[in-house]
Amino acid sequence: MTKKITFLGIETSCDETAAAIIRENDKDTADVLSNIVSSQISEHRKFGGVVPELAARAHLENIEYVIKAALKESKISLNKIDGIAATAGPGLIVCLTVGLNIGKSIAAFSKKPFVAVNHLEGHALSPGLEYNIQFPYLLLLISGGHSQFLIVKDINRYEQLGTTIDDALGEAFDKTAKMLDLGYPGGPSVEKASKLGDKNFFKLPEPIINKAGCNLSFAGLKTAVLRESKKINGNNELKFNLAASFQNTINKILYKKTSIAIEMFKKKINTSDINLVVAGGVAANISIRENLKKLSKEKGFKIVYPDIKFCGDNAAMIAWAGIQRFKKNLSNKIDIEAKSRWPLDKDAPFMKGPGLKL
Ligand code: KG4
Ligand code: ZN
């Protein structure tokens, strides 16, 4: 029997301070021995979004407690852990540095291997915590900072098929929530409000839906929501109708773009066994999950969603990515620094800014 690796994972790239202890199991998935997430929702609520300096300070205040809680809950002492993984990017440097530095320090004093994890790789591999999915698979990564279609070929090997040319999908949800005064965090509040409204009431644009392959765009939709929100004037029915119309438009865009991405995947990868993984914070949205499930039935591919607790930022996915990288000898030296930008596919074209040709 081969030894089952156990890792401590640490995540502080944005507004969640998180630590987890993960161990490989016989099913080639993970035993989540602890998964502690300390959310900063109350700190950022009054500002309607993440304030970097506040976030960094909250990470500093919470990180030690969160790591100790993860160790305590797992009933594993530090000397029984095989390595430490911490998110090193992409994200806010002031935030990343908190988790990265403490991770490196623990690794140094306990003389354990250290793995610097790309947060996006954490999301990309997150279904592996629960499911044994073979590479390659198609990934739709939808979070607060990213919206991408990627082929996950292996650990550390990604090919980007499409990305957003402006806002990330989570950002569009968060800004819509702010415009509709639905509260923070935006995604869940828009989802809740959308259930109370008429999804066909407002006709909203579906930017680049018929061009640019499986690239995505949400800025024009956001502007349209802003324009329509001025008609609400405290009328809750209209507010819920706008939330529902926004959610419905997102569903239409994702349906179309995902079906294009599936065709692109089929052309590049010769397999009849197609798996689509939808990961990242926005993958918690039930309406999006059901909508893409319909597409999977229509097109005959399998769809895999991580459990809701592994969609939003967490350290279980960081520890898991850390274990996978460690097994491929992709550990890091202790002098590794945080990176604000760190694409999974370094050869992918940069798809933002003036001069962009679609
Ligand atoms: O992956 P994540 O936790 O952090 C980043 O890596 O960015 O994603 C956070 C994003 C936020 O924009 C949040 O509003 C969105 O995920 N989100 C949702 C839902 N839950 C979280 N968006 C839509 N519906 C949800 N239920
Ligand atoms: Zn994330």
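The shown structure was predicted, so the numbers you read here are calculated from the model rather than taken from an experiment.

Caption draft 1: Summary view of the coordination of the zinc ion (ligand 2). Surrounding the zinc ion (ligand 2) are the protein donor atoms H119 (NE2), H123 (NE2) and D313 (OD), at 2.0 to 2.1 Å. Summarised as a motif, the one-chain spacing of the donors to the zinc ion (ligand 2) is H-x3-H-x189-D. Placement of the pair is H123 in helix α4 (residues 119-125) and D313 in the loop between β10 (302-304) and α10 (316-327), with a sequence separation of 190 residues.

Caption draft 2: Spatial organisation of the sheet that holds strand β9 (residues 275-279). On the basis of which strands lie adjacent, the open sheet formed by five strands has the order β8-β7-β6-β9-β10 and mixed pairing. At either margin of the open sheet sits one strand with a lone partner, and together these are β8 (157-163) and β10. Along the sheet, successive strands turn relative to each other by an average axial angle of 25°, direction set aside. In this sheet, β8 lies alongside strand β7 (residues 147-154) in antiparallel orientation, the contact comprising six bridges. Paired with Q148 across the bridge in β8 is T163. In the packing of helix α9 (residues 286-299) onto the sheet, the strands contacted are β6 (137-142), β9 and β10, and the crossing angle to β10 comes to about 160°.

Caption draft 3: Structural view of the sheet that holds strand β5 (residues 114-118). Spatial ordering of the open sheet is given by β3-β2-β1-β4-β5, a layout of five strands whose pairing is mixed. Each end of this open sheet is capped by a strand with a single partner; those strands are β3 (30-39) and β5. Looking at each pair of strands side by side, their axes are set apart by 20° on average, direction ignored. Packing of helix α2 (residues 52-74) onto the sheet brings it into contact with β1 (6-11), β2 (16-24) and β3, and relative to β2 it is tilted by some 25°. Sheet strands touched by helix α3 (residues 93-110): β1, β4 (83-89) and β5. Its angle to β4, the strand with the most contacts, is close to 155°.

Calculation criteria
- Residues numbered from 1 in each chain as written.
- Chains lettered and ligands numbered in written order.
- Predicted model: local features only at pLDDT ≥ 70, side-chain atom pairs only at ≥ 80, totals over all residues.
- Heavy atoms only, no water.
- Donors = N, O, S within 2.8 Å, 3.2 Å for Na, K, Ca; no water.
- Helix = DSSP H or I, 4+ residues; strand = E, 2+ residues; numbered from the N terminus.
- Pairing = 2+ DSSP bridges.
- Axes fitted to C-alpha atoms, helices over the stretch in contact; angles between N-to-C directions.
- Contact = heavy atoms within 4.5 Å.

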